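In case you want the letters, here they are:
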Amino acid sequence: MKDDEFPISRRRHPRLEVDGPYLAHDLTHGHWVRLCNISEGGFQTEAQRVATVGEAHTFRARLRDGQHVVLQALAVHCHVVNERTPRCLVGWQLIEDATSTAAVRALIDDI
């Protein structure tokens, strides 16, 4: 295959798959989400609620050492994967402020 046959990724940062259950609390709507993957630019969650694209959310996650981190992100896509349960996969773009950037780096180090 030629180099030009491979699609160019839109991601600036590689995603790290999360192995096992790693939960975060969506403080904006008061429910828990499962973290699926993460990078320095964003993350994907599995949730039981549909997220509104373009809406900013605040999340709190607990690191393995018991410390909490808080980060903010914008919903960039939301796909319902099971309507009966309901189950949605949501892509989040990190809002790049000092607190959120430090929080996502701490999460990456923890995973």
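All values reported here derive from a predicted model rather than from experimental measurement.

Each value, and the rule that gives it
- Residues numbered from 1 in each chain as written.
- Predicted model: local features only at pLDDT ≥ 70, side-chain atom pairs only at ≥ 80, totals over all residues.
- Heavy atoms only, no water.
- Buried < 20%, exposed > 50% of the residue type's maximum accessible area, 1.4 Å probe, protein only.
- Helix = DSSP H or I, 4+ residues; strand = E, 2+ residues; numbered from the N terminus.
- Pairing = 2+ DSSP bridges.

Caption draft 1: Representation of the pairing of strand 3 (residues 31-39) in the model. Within strand 3, seven of the nine residues are buried, leaving the element largely enclosed by the surrounding structure. Here four bridges tie strand 2 (residues 23-26) to strand 3, and the two strands are oriented antiparallel to one another. Counterpart to Leu23 in the pairing with strand 3 is Arg34. A loop of four residues connects strand 2 with strand 3, the two strands running antiparallel in sequence, and Gly30 in this loop sits at a positive phi of about 70°. The pairing of strand 3 with strand 4 (residues 42-47) spans five bridges and is antiparallel. Directly across from Arg34, in strand 4, lies its bridge partner Glu46. As consecutive antiparallel partners, strand 3 and strand 4 are separated by two residues.

Caption draft 2: How the structure looks around the environment of Ala24. Within the secondary structure, Ala24 is located in strand 2. By relative accessible area, which is 10% here, Ala24 ends up buried.

Limitation: the analysis is restricted to geometry and does not speak to function.
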